[in-house]
Amino acid sequence: MGIFKKKKSYTLSKKELQRFSGKPIQYAVERVDGVERVLGKDGGIVVLDDAIVVMCEAHEVFRCLIKDSVVAELMSGNGVEISGYDEYTGQKRYVVAHYSYYRK
């Protein structure tokens, strides 16, 4: 009756999304019909009040609303997959951003 309800939304909270904000990325790719297409290189992930933005080479390559998105870290830990409806086109997009690590 309410104890074993299925979770309807997999959207992360704003606090959980903040750990992705400001992360530098090496490159971002988009999956379309099983084929990966490179969106850009050298950028970052920005979490705004209501949107998630992926920037590459000082250009916005992907933007979706937080409430309609699903964000999951890759099992290897070196990237994040973001799926959501693009704010400009309204299409469902799957973007994978691979983190860049700099050794000092």
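This one's a predicted model, so the numbers in the text were calculated from it and none came from an experiment.

A short note on the pairing of strand β7 (residues 92-99)
When you tally the buried positions in β7, you get six out of eight residues, the bulk of the element. Here strand β1 (residues 24-32) pairs with β7 via five bridges, running antiparallel. Residue pairing for β7: Ile25 is matched across the bridge by Tyr99. Bridge count for strand β6 (residues 79-85) against β7 is seven bridges, and the pairing is antiparallel.

Describing the sheet that holds strand β5 (residues 70-73)
One open sheet accounts for seven strands, arranged β4-β3-β2-β1-β7-β6-β5; its pairing is antiparallel. Here the strands that pair on one side only, and so sit at the sheet edges, are β4 (59-65) and β5. Going from strand to strand, the sheet's axes swing by 30 degrees on average, the running direction of each strand aside.

Details of the pattern of salt bridges
What the rule picks out here adds up to seven salt bridges. Arg37 serves as the salt-bridge partner of Glu30, at 2.8 Å between the closest nitrogen and oxygen. With relative accessibility at 47%, the residue Arg37 sits in the partly exposed group. Salt bridges sharing partners connect three or more residues here, namely Glu30, Arg37, Asp86 and Arg93.

Points about the environment of Arg93
Mapped onto the elements of the fold, Arg93 is located in strand β7. Through-space distance from the C-alpha of Arg93 to that of Ile82 is 8.2 Å; in sequence the pair is 11 residues apart. Sequence-distant contacts of Arg93, that is, excluding residues within four places in its chain, are made with Glu30, Arg37, Leu39, Val61, Phe62, Ile82, Ser83, Gly84 and Asp86.

Some words on unusual backbone geometry
Here Asp33, not a glycine, exhibits a phi torsion of approximately 55 degrees, which is positive. Owing to a relative accessible area of 77%, Asp33 belongs among the exposed residues under this scheme. Even without being a glycine, Ala58 presents a positive backbone phi close to 65 degrees. Relative to the helices and strands, Ala58 is located in the loop between β3 (51-56) and β4.

Quick notes on the rules
Residues numbered from 1 in each chain as written. Predicted model: local features only at pLDDT ≥ 70, side-chain atom pairs only at ≥ 80, totals over all residues. Heavy atoms only, no water. Buried < 20%, exposed > 50% of the residue type's maximum accessible area, 1.4 Å probe, protein only. Helix = DSSP H or I, 4+ residues; strand = E, 2+ residues; numbered from the N terminus. Pairing = 2+ DSSP bridges. Axes fitted to C-alpha atoms, helices over the stretch in contact; angles between N-to-C directions. Salt bridge = Lys/Arg side-chain N within 4 Å of Asp/Glu carboxyl O. Contact = heavy atoms within 4.5 Å.

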